[in-house]
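# Architecture at a glance
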Amino acid sequence: ETGVTQSPTHLIKTRGQQVTLRCSSQSGHNTVSWYQQALGQGPQFIFQYYREEENGRGNFPPRFSGLQFPNYSSELNVNALELDDSALYLCASSSEWNTEAFFGQGTRLTVV
Amino acid sequence: AQTVTQSQPEMSVQEAETVTLSCTYDTSESDYYLFWYKQPPSRQMILVIRQEAYKQQNATENRFSVNFQKAAKSFSLKISDSQLGDAAMYFCAGGNEKLTFGTGTRLTIIP
């Protein structure tokens, strides 16, 4: 059983650019949630995807968008990057049968 | 949970001793779960323990146990026989699939 994997582990982008982060969910999981963790803070819920449909969204602007694919992997896209978007982005997968969320190791995004 | 509060930014404990991390929450949901996660420097969130809100019995996982006081909306984590490997950031979280996290408590283990 493979765990949750995220790519890339680190990246640096320039303000105004666009970025795509990727997440492969754990085998057997059909739900993926994305979180933003600013330095020194707890993770904040961005949105969740269940069976390829958005299933709840936190207090993030529309330039944060996502996708979930038929194999339940997921992407997080952020347009028009701002300096405050610099953070650790965490992906978590779970199944409808078990609320335990398994997290990936995160992607550290730096916007300069 | 809609808000989760951890009032202890940092805690330290002597190796082999017991430490308790505090957490309070507020929610309007009737069905929810509460969690403690550990985040070592490797950044990956690791589930330590989970409590279903409808269960009165406190959850226990080996050296880790919780004191769940539903009426007081309190959910503290007790770590017994602290080990060097327990050093990490600890986050309290609540919700039902979509989690709300506290700001974390940095736990240091003193050899």
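For the structure, see preceding data.
These lines cover the structure that appears in this document, whether it is placed above or below. Treat the numbers as computed from the prediction; the structure is a model and nothing was measured.

Criteria and thresholds
Residues numbered from 1 in each chain as written. Chains lettered and ligands numbered in written order. Predicted model: local features only at pLDDT ≥ 70, side-chain atom pairs only at ≥ 80, totals over all residues. Heavy atoms only, no water. Phe/Tyr/Trp six-rings, centres within 6.5 Å; stacked < 30°, edge-to-face > 60°. Helix = DSSP H or I, 4+ residues; strand = E, 2+ residues; numbered from the N terminus. Buried < 20%, exposed > 50% of the residue type's maximum accessible area, 1.4 Å probe, protein only.

### Some details on the packing of aromatic side chains
- This structure, assessed with the given rule, holds 14 aromatic pairs over all chains.
- Centroid distance Trp36 of chain B to Phe75 of chain B: 6.3 Å. Interplanar angle 25°. Geometry classified as stacked. One end of the pair, Trp36 of chain B, is in strand E5 (residues 33-39); the other, Phe75 of chain B, is in strand E9 (residues 74-79), with 39 residues separating them in the sequence.
- By relative accessible area, which is 0% here, Trp36 of chain B ends up buried.
- In textbook terms, an aromatic cluster arises when at least three aromatic residues are bridged by ring pairs, as seen for Tyr35, Phe45 and Phe103 of chain A together with Tyr33, Phe35, Tyr37, Phe91 and Phe101 of chain B.

### Observations regarding unusual backbone geometry
Residues and elements named next belong to chain A.
- Along the chain, Ser7 connects to Pro8 via a cis peptide bond; the corresponding omega equals -10°.
- Relative to the helices and strands, Pro8 is located in the loop between strand E1 (5-7) and strand E2 (10-13).
- Not every positive phi belongs to a glycine, and Tyr72 is a case in point at roughly 75°.
- Of note, Tyr72 is situated in the loop between strand E7 (64-68) and strand E8 (74-78).

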